[in-house]
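Below, each chain spelled out in residue letters.
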Protein chains: 2
Amino acid sequence: MHVLITGAAGMVGRKLAERLAREGSCAGRAISKLTLSDVVPASLPAELANRATIRVEDSGDAAVAKALAALRPDLIFHLAAIISGEAERDFDKGYRVNLDGMRNLLEAIRHEGGAAYAPKFVFTSSSGIFGAPFPPSISDEFHVTPLTSYGTQKAIGELLLADYSRRGFVDGVGIRFPSIVVRPGKPNASAGGFFSGIIREPLQGVEALLPVGDEVLFTHASPRSAVGFLIHAAGLSREELGTRVNLTMPGVCVTVGDQIEALRRIAGDKAVKLIRRAPDPASSAIVAGWPTRFDAKRALALGFTAERDFDEIIRVHIADDLGGHLPN
Amino acid sequence: MHVLITGAAGMVGRKLAERLAREGSCAGRAISKLTLSDVVPASLPAELANRATIRVEDSGDAAVAKALAALRPDLIFHLAAIISGEAERDFDKGYRVNLDGMRNLLEAIRHEGGAAYAPKFVFTSSSGIFGAPFPPSISDEFHVTPLTSYGTQKAIGELLLADYSRRGFVDGVGIRFPSIVVRPGKPNASAGGFFSGIIREPLQGVEALLPVGDEVLFTHASPRSAVGFLIHAAGLSREELGTRVNLTMPGVCVTVGDQIEALRRIAGDKAVKLIRRAPDPASSAIVAGWPTRFDAKRALALGFTAERDFDEIIRVHIADDLGGHLPN
Ligand SMILES: NC(=O)c1ccc[n+]([C@@H]2O[C@H](COP(=O)([O-])OP(=O)(O)OC[C@H]3O[C@@H](n4cnc5c(N)ncnc54)[C@H](O)[C@@H]3O)[C@@H](O)[C@H]2O)c1
Ligand SMILES: NC(=O)c1ccc[n+]([C@@H]2O[C@H](COP(=O)([O-])OP(=O)(O)OC[C@H]3O[C@@H](n4cnc5c(N)ncnc54)[C@H](O)[C@@H]3O)[C@@H](O)[C@H]2O)c1
């Protein structure tokens, strides 16, 4: 089986490529070829290095979509996207990468073969498709009313995916990630970056700023779970999915205060002391528009799983990104 | 005020233009100019003939969108669309007219003036954005999961409208029509055409086929109400609408059997005898996927009104399309 990952140099894409390489198969089929596409160079996972190709290209470009479809991958993970903050600042870029990139790829696949070529297509959507006001818990049948351009672009991607799937052009499944935490690496400028920062930095002995109150509620899953969602999605049949192919993923719903107590249990008071409260009304206002809690009933019934509690999310970070032990 | 109607030669567009011409104003402002755009020539409403311009053009074309935005209309009714059946048969045409046509127009407006030019933009959506399975009554917060390409295109139009409105590029409102009945004129090939046909044809002494059972439940409003919805929408402020700018309209929820009894009350057994049952499993299957009943709470609270019962819908047809009396 030939597997394509777009956005393969990103946080989730890289971990997905590594896991596919380690396992050598996906959804019960051996991987004979792996194509890693991103606008920056992805890194070659060791175990599949001789069967992997790295492509550096802009997936907002229709010609790139055509070239990718012409490779006729059997399984596509479409992760290439620009994040919420950037899509809000740069209107044209967001629509180009997040909307046109998705539509071009679906169109290229349709023209590549009609029903004769209909790859499995796993699309990464986001809980950012939802917009306040919310009920106490968001059901699988709750209205999609994004309050960002990013959320709008992901919501449109979901609608296209469902229609192209219904028509038989792809065998699609859309995975709505909750917040993926702890994001390894450097702090980034995203409005929700502190959800990772208040764990990641203190574990490294570095101070982290907390712009919102301890009572802020949010749903998280680890990068390992995110990869697990995508791989589980790749194994679902059309029959299991039915016509509603876009699914809200489960996660751990906790307050910022709960996150901090989990950090204390795992890394002690010394780590917690590195969290510096720096209330910022602008950040608080943005976060207040984001969804807090999901039922995710369908995803759970279909066998998707996330961590049980936030302690586990921190332990996954230590295991996967810090070599298995706390830095000292 | 300069008013633009796209799809102005269509059933609703024509009646909207006539009413605007008759009233000479809309949303409390006098109409100084009326532009009627359609791919077929619209007809000139007598009262505004000297202030109206007819344009024959394809609104799926980006250059046409640019030309329309350059006219800087203050109020736009965007009705141009191809219907459900045609969008299902011709995938490319549906996306081109219904999706690209909408996006091109929004983009052209954005480039025309940014916040300095942000017209009122009334978009006609459809209850076809919803897809089965349904709860007994569809709330304003129910998930949008269309089962047709037409429904997908309208749902995407709604998302774009909300994002472009949030950004201040337009002052948008999306109006989800229920089934608009009684459609005057010739029978058409649409799957729901019989909802009008079983009233329109018998009133003219002509036989009509009924492909579904009497128990089929559906929500209808008259063309007069459809025009009323659009005009009421044009008068709503951003504050009244908030961020959720797309609204499900009210209507009369009746079974086909109820429709027939209304016809009997108004035109007697002789009319009802002209309805010939011709059960068609294919039509029944399509109709079974369509939404039946809506709460429409927000629309009702915002002052939108439809007919009280189906008798009134028939009477509106007789008044508006048959010169006020039954043909004999
Ligand atoms: N991380 C989260 O919390 C989260 C939450 C919800 C949804 N998602 C979605 O999951 C996917 C993966 O997330 P991530 O955290 O790995 O994001 P990321 O930003 O780390 O990776 C995205 C990748 O896409 C690439 N990319 C951007 N523009 C491109 C272009 N024009 N052409 C080709 N590649 C381009 C980037 O170079 C980057 O490597 C994205 O689609 C994202 O929107 C992530
Ligand atoms: N009639 C209904 O029951 C109903 C229900 C839900 C939504 N709607 C929507 O309401 C609007 C008006 O409905 P209607 O019943 O008057 O439809 P209609 O089909 O009578 O009119 C649509 C008009 O759009 C025009 N058009 C089609 N393609 C075009 C193009 N490429 N460029 C320019 N014009 C083009 C057609 O020529 C036609 O005059 C449409 O957007 C429709 O989708 C109608």
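Parameters at a glance
- Residues numbered from 1 in each chain as written.
- Chains lettered and ligands numbered in written order.
- Predicted model: local features only at pLDDT ≥ 70, side-chain atom pairs only at ≥ 80, totals over all residues.
- Heavy atoms only, no water.
- Phe/Tyr/Trp six-rings, centres within 6.5 Å; stacked < 30°, edge-to-face > 60°.
- Buried < 20%, exposed > 50% of the residue type's maximum accessible area, 1.4 Å probe, protein only.
- Helix = DSSP H or I, 4+ residues; strand = E, 2+ residues; numbered from the N terminus.
- Lys NZ or Arg CZ within 6 Å of the ring centre and 35° of its normal.
- Axes fitted to C-alpha atoms, helices over the stretch in contact; angles between N-to-C directions.
- Parallel < 35°, antiparallel > 145°, perpendicular 65-115°, else oblique.
- Left-handed = near helix turned anticlockwise from the far one by under 90°.
- Contact = heavy atoms within 4.5 Å.
- Pairing = 2+ DSSP bridges.
- Right-handed = clockwise from strand over helix to strand, strands pointing away.

Engineer: How would you summarise the packing of aromatic side chains if you had to cite specific residues and measurements?
Structural biologist: Describing an aromatic ring pair means giving the distance of the ring centres and the angle of the ring planes. Overall, the coordinates contain 26 aromatic pairs over all chains when judged by the stated rule. Judged by centre distance (5.7 Å) and plane angle (65 degrees), the rings of B:Y164 and B:F169 are edge-to-face. In this structure, B:Y164 and B:F169 share a single accessibility class: buried. A centroid spacing of 5.6 Å and a plane angle of 45 degrees characterise the contact between B:F218 and B:W290, whose relative ring orientation is tilted. Of this pair, B:F218 sits in strand β11 (residues 217-221) while B:W290 sits in the loop between α10 (281-288) and α11 (297-301), placing them 72 residues apart in sequence. Judged by its relative accessible area of 6%, B:F218 is buried. An aromatic cluster is defined as three or more aromatic residues linked by ring pairs; in this entry it consists of A:F91, A:Y95, B:Y164 and B:F169. Looking at A:R110, its charged tip hangs above the ring of A:F169, at a distance of 5.5 Å from the centre.

Engineer: With reference to specific residues and values, describe the packing of helix α2 (residues 62-70) of chain B against helix α4 (residues 91-113) of chain B.
Structural biologist: Two measures define how a pair of helices packs: the angle their axes make with one another and the distance between the axes. Residue and element names in this part refer to chain B. Closest axis-to-axis distance for the α2/α4 pair is 8 Å, and the angle between their directions is 45 degrees. Comparing their axes, α4 and α2 come out oblique. Once α2 is placed against α4, the crossing between them reads as right-handed. Residue-level contacts link A62, A65, K66, L68, A69 and A70 of α2 to N104, L105, A108, I109 and E112 of α4.

Engineer: Outline the pairing of strand β7 (residues 120-126) of chain B, supporting the account with residue identities and numerical values.
Structural biologist: Residues and elements named next belong to chain B. Here β7 lies mainly inside the structure; seven of its seven residues are buried. Along β7, one buried face is formed by K120, V122, T124 and S126 and the opposite face, lined by F121, F123 and S125, is buried too. Here four bridges tie strand β6 (residues 75-78) to β7, and the two strands are oriented parallel to one another. Directly across from H78, in β7, lies its bridge partner F123. Where β7 and strand β8 (residues 171-177) come together, seven bridges link them in parallel fashion. Looking at the pairing, F121 lines up with G172 of β8. Considered for its hand, the β-α-β crossover made up of β7, helix α5 (residues 149-166) and β8 is right-handed.

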